Amino acid sequence: MPKDSGIGASSKRREDVRFLTGAGHYTDDIDLRGQAYVHFLRSDVAHGILKNVDTSAAEGMPGVVRVFTGADFAEVGGLPCGWQITDREGNPMQEPAHPVLAQGKVRHVGDPIAAVVAETREQARDAAEAIEAEIEDLPAVVDMKAALKDGAPKVHDDLTSNLCYDWGFVEENREAVDAAIKSAAHVTTLELKNNRLVANPMEPRVAVGDYSRSTGESTLYTTSQNPHVIRLLMGAFVLGIPEHKLRVVAPDVGGGFGSKIFHYAEEAFCTFAAKALNRPVKWTSSRSEAFITDAHGRDHVTKIELALDKDNNFVALRTETHANMGAYLSTFAPSVPTWLHGTLMAGNYKTPLIYVNVKAVFTNTVPVDAYRGAGRPEATFQLERVIDKAARELGVDPVELRRQNFITEFPYATPVAVEYDTGDYNATLDKLLEIADLAGFEARLAESKKNGKLRGLGVNCYIEACGIAPSHLVGQLGARAGLYESATVRVNATGGLVVMTGSHSHGQGHETSFAQVVADMIGIDENMVEIVHGDTANTPMGMGTYGSRSLAVGGSAMVRATEKIIAKARKIAAHLMEASEADIELKNGQFSVAGTDKSVAWGDVTLAAYVPHNYPLEDLEPGLEETAFYDPSNFTYPAGAYACEVEVDPDTGKVTIEGFAAADDFGNVVNPMIVEGQVHGGLAQGIGQALLENCAYDEDGQLLSASYMDYAMPRADDVPFYRVDHSCQTPCTHNPLGVKGCGEAGAIGSPPAVVNAVIDALQRAGRDVTHIDMPLSPSRVWDAMNKG
Amino acid sequence: MPQVKMTVNGKPASGEVEGRTLLVEFLRENLGLTGTHVGCDTSQCGACVVHVDGKAVKSCTMFAAEAEGAEVLTIEGVAAPDGTMDAVQQAFQEHHGLQCGFCTPGMVMSARALLAENPTPSEAEIRDYLEGNICRCTGYHNIVKAIMAASGQDVSTIAAE
Amino acid sequence: MYAFDIERPTTLAEAVKHMAASEENQALGGGQTLIPTLKQRLASPEKLISLTGIDEIRGICEDDAGRICIGAATTHAEVASGATAYPALAALAGNIGDPAVRNRGTIGGSLANNDPSACYPAAALGSGATIVTDKREIPADDYFEGMFATALEEGEIITEVKFPVPQKAAYMKFEQPASRFALVGVFVAKYADGVRVAVTGASEEGVFRWSEAEAALASDFSAGAVEGLSLSGDGMISDLHGSGDYRAHLVGVMTKRAVAAAG
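What you are looking at is a predicted structure, and each value in this text was computed from that prediction instead of being measured.

Broken down by element type, chain A carries 19 helices and 30 strands. Over its C-alpha trace chain A gives a radius of gyration of 27 Å, about what one expects of a compact globule, namely 28 Å for 788 residues. In terms of principal-axis extent, the alpha carbons of chain A reach across some 85 × 70 × 55 Å. The buried share of chain A, reckoned over its 788 residues, is 66%. A separation of at least 24 residues holds for 80% of the contacts in chain A among residues at least 6 apart in sequence. Roughly 25,700 Å² of accessible area belongs to chain A as shown, and the carbon and sulfur atoms make up 48% of that amount. Here chain A holds 68 positive side-chain charges and 105 negative ones, and the gap between their average locations is 2 Å.

Before going further, it helps to spend a moment on a nonpolar patch on the surface. All names here are of chain A. A cluster of nonpolar side chains, contributed by Leu607, Tyr610 and Val611, occupies part of the molecular surface with about 240 Å² of accessible area. Note on placement: leucine 607 falls in helix α16 (residues 602-610). You can call leucine 607 partly exposed: its relative accessible area is 43%.

What follows deals with the interface of chain A and chain B. If you look at the interface, chain A gives 56 residues, while chain B gives 51 residues. Of the roughly 4,600 Å² buried at the junction of chain A and chain B (both faces included), carbon and sulfur atoms supply 56%. Considering only the side of chain A, the residues that lose the most area to chain B are Leu20(A), Met202(A) and Phe721(A), jointly responsible for 19% of the buried surface there. Our count for the chain A to chain B interface comes out at five salt bridges. One salt bridge in this structure joins Arg121(A) and Glu29(B), with 3.5 Å as the shortest N-O distance. Summed over the shared surface of chain A and chain B, the number is 27 residue pairs in polar contact (both at pLDDT 80 or more). Top contributing element to the side of chain A that touches chain B by residue count: helix α17 (residues 672-692) of chain A, with nine residues. Grouping the amino acids of the side of chain A that touches chain B by side-chain chemistry returns 26 nonpolar, 16 polar and 14 charged.

Next up on the list: the interface of chain A and chain C. Each side of the interface is counted separately: chain A has 25 residues, and chain C has 21 residues. The junction of chain A with chain C conceals about 1,900 Å² of combined surface from both sides, 49% of it contributed by carbon and sulfur atoms. Of the charged contacts, one joins Arg41(C) and Glu129(A) as a salt bridge, the two residues approaching to 3.0 Å between their closest N and O atoms. In this assembly, chain A and chain C are joined by 20 residue pairs in polar contact (both at pLDDT 80 or more). Among the secondary structure elements, those contributing two or more residues to the side of chain A that touches chain C are α3 (121-129) and α19 (778-786) of chain A. Broken down by element, the residue count for the side of chain A that touches chain C peaks at four residues, all from α3(A). In the side of chain A that touches chain C, the residues fall into nine nonpolar, five polar and eleven charged.

All names here are of chain A. This model, assessed by the stated rule, comprises 31 aromatic pairs over all chains. Ring centres of phenylalanine 410 and tyrosine 425 lie 5.6 Å apart, and the angle between their planes is 90°; on these two criteria the pair is classed as edge-to-face. Pair noted here: phenylalanine 410 is in the loop between α10 (398-404) and β18 (412-413) and tyrosine 425 is in helix α11 (residues 425-435), with a separation of 15 residues, a long-range link. For phenylalanine 410, a relative accessible area of 24% corresponds to the partly exposed category. Exposure remark for tyrosine 425: the relative accessible area of 4% places this residue in the buried category. An aromatic cluster is built from Phe40, Phe68, Phe73, Phe269, Phe272 and Trp283, whose rings are joined through pairwise contacts.

This brings us to the confidence of the model for chain B. Residues shown with low pLDDT carry predicted positions that ought not to be read at fine detail. Taken as a whole, chain B shows an average pLDDT of 97; of its residues, 98% reach a score of 70 or greater. Scoring the predicted complex yields pTM 0.98 and, for the interface, ipTM 0.98.

All names here are of chain A. As enumerated under the stated definition, the model contains 81 salt bridges over all chains in all. The closest approach of N and O atoms between arginine 764 and aspartate 760, which form a salt bridge, is 2.7 Å. Of the two residues, arginine 764 and aspartate 760 both sit in helix α18 (residues 745-764), four residues apart, roughly one turn of that helix. Among the residues examined, arginine 764 registers a relative accessible area of 43% and is labelled partly exposed. Sharing partners across several salt bridges, the network here consists of Glu384, Arg385, Asp388, Arg392, Arg402, Glu442, Asp760 and Arg764.

Another aspect to go through is unusual backbone geometry. Residue and element names in this part refer to chain A. Residues phenylalanine 169 and valine 170 are joined by a peptide bond in cis, for which omega reads -10°. In this fold, valine 170 is placed in the loop between β7 (163-169) and α5 (174-182). Here the residue pair methionine 774 and proline 775 is connected by a cis peptide bond, since its omega of -5° sits within 30 degrees of zero. Mapped onto the elements, proline 775 comes out in the loop between α18 and α19. Residue aspartate 299 is not a glycine yet carries a positive backbone phi of 70°. Structurally, the position occupied by aspartate 299 is in the loop between β14 (296-297) and β15 (300-308). Positioned with a positive phi, asparagine 312 is a non-glycine residue whose angle comes to about 70°.

A word on α17(A). All names here are of chain A. For α17, spanning 21 residues, the distance from its first C-alpha to its last is 29 Å, which sits close to the expected 30 Å at 1.5 Å a residue. With 21 of 21 residues buried, α17 is to be regarded as a mostly interior element. In this structure asparagine 671 caps α17, since a side-chain oxygen of it lies 3.1 Å from the backbone nitrogen of methionine 673.

Okay, the sheet that holds strand β14 (residues 208-209) of chain C next. Residues and elements named next belong to chain C. Taken together, the four strands give an open sheet; going across it, the order is β11-β12-β13-β14, and neighbouring strands pair in antiparallel fashion. If you trace the sheet from one side to the other, it starts and ends with β11 (168-175) and β14, each paired once. Where strand β12 (residues 182-191) and strand β13 (residues 194-200) come together, seven bridges link them in antiparallel fashion. Directly across from valine 188, in β13, lies its bridge partner valine 197. Contacting β12, β13 and β14, helix α9 (residues 211-219) crosses the sheet at an angle of about 150° to β13.

The next subject is the nonpolar core. Core analysis: the largest hydrophobic core is formed by 195 residues, its most contacted members being Val648(A), Phe660(A) and Phe92(B). Here the element with the most residues in this core is α18(A); it accounts for ten residues. The residue makeup of this core includes at least three contributed by each of domain 1 (3-77) and domain 2 (87-154) of chain B. The contacts of Phe92(B), once residues within four sequence positions are left out, are Asp16(A), Leu20(A), Gly97(B), Leu98(B), Met107(B), Ala111(B), Ile143(B), Ala146(B) and Ile147(B). Formed by 43 residues, the second largest nonpolar core is a distinct cluster that contains Ile522(A), Trp602(A), Ala608(A) and Leu737(A).

So, about the side chain of Asn405(A). All names here are of chain A. Looking at where asparagine 405 falls in the secondary structure, it is placed in the loop between α10 and β18. Within the structure, asparagine 405 has its side chain in polar contact with the backbone oxygen of asparagine 312 (distance 3.1 Å). For asparagine 405, the side chain forms a polar contact with the main-chain nitrogen of phenylalanine 314, separated by 2.7 Å. Setting aside anything within four residues of it in sequence, one finds asparagine 405 in contact with Asn312, Asn313, Phe314, Asn348, Tyr349 and Lys350.

All names here are of chain B. Domain assignment breaks chain B into domain 1 (3-77) and domain 2 (87-154). For domain 1 and domain 2, the distance between their C-alpha centroids amounts to 21 Å. Between domain 1 and domain 2, the residue contacts involve 16 residues of the former and 14 residues of the latter. Carbon and sulfur atoms supply 64% of the area that domain 1 and domain 2 bury against each other, a total of about 1,100 Å² over both sides. Viewed at the interface, domain 2 and domain 1 are joined by zero salt bridges. Here domain 1 and domain 2 share six residue pairs in polar contact (both at pLDDT 80 or more) between them. Among the secondary structure elements, those contributing two or more residues to the side of domain 1 that touches domain 2 are β3 (49-52) and β4 (55-58). At three residues, the largest contribution of residues to the side of domain 1 that touches domain 2 is made by β3. Of the residues assigned to the side of domain 1 that touches domain 2, the class counts are eight nonpolar, seven polar and one charged.

Rules and cut-offs
Residues numbered from 1 in each chain as written. Chains lettered and ligands numbered in written order. Predicted model: local features only at pLDDT ≥ 70, side-chain atom pairs only at ≥ 80, totals over all residues. Heavy atoms only, no water. Helix = DSSP H or I, 4+ residues; strand = E, 2+ residues; numbered from the N terminus. Rg over C-alpha atoms; globule rule 2.2 N^0.38 Å. Buried < 20%, exposed > 50% of the residue type's maximum accessible area, 1.4 Å probe, protein only. Contact = heavy atoms within 4.5 Å. Areas by Shrake-Rupley, 256 points an atom, 1.4 Å probe, with all protein chains shown as cover. Lys, Arg positive; Asp, Glu negative; His and termini not counted. Charge placed at Lys NZ, Arg CZ, Asp CG, Glu CD. Patch = residues over 30% accessible without salt bridge, like charges linked within 9 Å, V, L, I, M, F, W, Y side chains within 5 Å. Salt bridge = Lys/Arg side-chain N within 4 Å of Asp/Glu carboxyl O. Buried area = accessible area lost by both parts, 1.4 Å probe. Polar contact = N/O pair within 3.5 Å; in protein donor to acceptor, adjacent residues only side chain to side chain. Nonpolar A, V, L, I, M, F, W, Y, C, P; charged D, E, K, R; others polar. Phe/Tyr/Trp six-rings, centres within 6.5 Å; stacked < 30°, edge-to-face > 60°. pLDDT = per-residue confidence, 0-100. Expected span 1.5 Å × (residues − 1). Pairing = 2+ DSSP bridges. Axes fitted to C-alpha atoms, helices over the stretch in contact; angles between N-to-C directions. Core = buried A, V, L, I, M, F, W, Y, C linked by side-chain atoms within 4.5 Å. Domains from an automatic or database assignment.

And the structure:
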């Protein structure tokens, strides 16, 4: 029964009004009095010794305020990495310095060499052209395996090699895994690539640094998913500013998908420069600049082996992955191919023995870090593709092969450290078969054939670990941060509330969905609840929004704070009604005494809290404001099953998505409309990865796909209407809302469905193609169909 | 610097511009109308779409000087003076056709242009028309649905769940 | 962008004068290609001479020879809705870029630029059109000189393009997935005196005529006539989006589809 408000209602979003009427407040909309503009001179070679940067001509040019180079940052810290990985031998990863402006070397096309601050953007750009940067070219390493060969050019001369770490998980199980594979009845092997992607939120990054001489406070306005994290990293590790003198504000942010998590050089620069120059300094990225400076995503090369017994049970899994770090370690980069990837290799299956090896490699490319799914799409893709391949080799139904290996008892302790709290993979698979109308496939196949087209069907399952994360656990795994979340709930005298959350919304609709939760708990109108986020000055320390964590962790913090509010409110109500606290019931915003018709309204209680005349002052402080910090005890584990139907034009290789169905288990759902929207967006990105998007470098480290002219973004005509379902719900057992999070699932589960479907189409047509690496662009599909 | 004069959202607007000043820069920086956004530099993403003399135009790919004397409509001029949103805006809210909101002004302006020339477009016609409007958040499903709804078509059968 | 001034003449004579005044003056059509180029600072003109305010070079009409004549400053949208006498041309124009781009981009600008992946060069070459400038008339066969190169002299302005209307024609465009330009685009037109097949997107030399296909189709205007024909991948563009061999293959496929669509 659909609700019209509170938890479970598809409340329309209140933030929409400002976005629809042009009243959104994005960082580039901010113009401060006296602001100057910065333009970065960036390396146009992938690798070189930075010999001399002659800024003299630039300094004298019209409008130039000052020109900065790496030398200006010699006393300033480099950009920190937030996660330290320990390798197979127990040694810490190799961790190079990451200066704000290049010092001594340039290591990727886009590496910033100098920064010109001027009165206008064009003047800054003009002056940047007058800078003479003397760079001695060095050979670039772009291919990961080549980068690891003896004698390969070193990206960082002070490291022993280009190997950041060689990670094994679980190392103690490796021998058993090897033995099981050796003796298995059947082993399926697949070598594949997970293609490098560029996140491309529609809003390019912006940073505005400001400094106040009267308060000594620095302010950074930035397009970030996590302003508190930026404040901590930048303040403590880069600029040496204590947090009480540093404010970071992320106003309306136009999408992030992970790329706006990290602390970037431009943020540190603008903050530093504003103080040095005593005036605001603004940087706005162009889209072309974004391609060479925003962190990229994915870029794994993997060999995966799945061993089965004679009854087609999975007995062992072994993977070897090369993961590209790029030229420097971005904030969370080392964790993505390790803890966010290796721990998902069990998937939905009972495989008892698993070993994952990851070699993280430095190359002369843009740094790589988390992008929607962050490690889980990589894990899911390789697992679901090798299962599909195994099914074909064994001549069994790929759906039934999965089903027979499903985990069915919970909690389930996987052999890769994580314990799934709850789930029902048969339910989502059954639901998928229903909504994907698989029964009608044969008829559709015949129709396609009549039109000269091939048609295929791909099905896969997925599970992911999100709602990150338990601090003690991630600390043991090398995280240099906690991953709790926070909320302060401030009730006003007249009954409205403000929730100040450490989460951040850059499209997820928290201003609406969070209000639904609090309003539902108290029983008041949603419009009485205001959600405030994005400004470190008025929100408690939180780790921000990514990893599908906002509702699971941020929402839980908010619930705990609201529970404290309600507990105190009950005491006040009890006093007002001269009853015992134990007899107080709260329903629909009314406190009543059980078994009587006495009641007081929420507004009476809140007023009493702030005008404490009839109030138990001996026992209770006035006021009604509570804070909670919530550290989750586990990850959450959304899971589901996806199906994709494609047509392939055999003359051109072009693939079109004819249908996509997704059955997800997100546990409890607060706003179904928002959840569907999150899945839709994730599916489009997964389809984009599978068919369109390709961040490609040539062998000299030049980016071949440096704009939308060559990087194919999904458009409306690349995708169909989706069929999404979240009615299968096994509520999360360990957070108060029972929610699992939904932000990344679509991007995690969809690439294998698409590729499985294309392979299916080709094989049904008698083509002997067992795998094609993403993106399955027309030319790549055609090449695969016509080679050998 | 040359002066440019035009009508924006029904009101006269003028300002000093350079030859190279783009219409989007004039709107955002001279007039403070920051609802029109810049999302790319290859004229593909459509976040900057406005109407010039009744036609959808990418304001990042037109100079302010070229709009001399023109009637320009931006996202800020779509809702009624009392704030009531138009049919397209309301449909976008009703059907969750936006998430981060950054592509939204351009989407709404393109949608309005579409409906002006094709009052009841099919799904395929809408998807084709939006070739120059990129959204990274919604996967387009609810955008297409919203535009169909705004045109008065029944969208209750469009599979959503 | 580098700084420049903009002139907006309202007559062709004024425009010609401006263009003649300096080599640093550059013509500005719809700007849909030039403005992105200027943003990358790949050009640094001193003055842009906008041609879109000149009514005398805008519009669609028919001449005494039955050719459809399109003013150089006519937008793609205007051609798409107005060139009803030549449906294949109108359809081509209606599929360039996107609606907003079509409201500004002009045929003159497209032909003056001669992007090797643009659509209009295939239409002009495939129709045996005449490119009329402020100085002379240039047959399409003499106009296209290679990627981004044309027969236009310094300061010469296209004023009009005259298209003979064929008996049958169609344009088949296989889109490059990112740019949505033609990865390969084939314009096929059947005239009383023969068939023309113009290919864009494929060759490193820009738009070209596939004479082997033209000969085969002249005697048998059917997809089957092109069946056994093929082009070499040598000299074809090879990039992220496809090899030369792939493009060569697509030329054959798109030609067949264009012939079938022409009716």
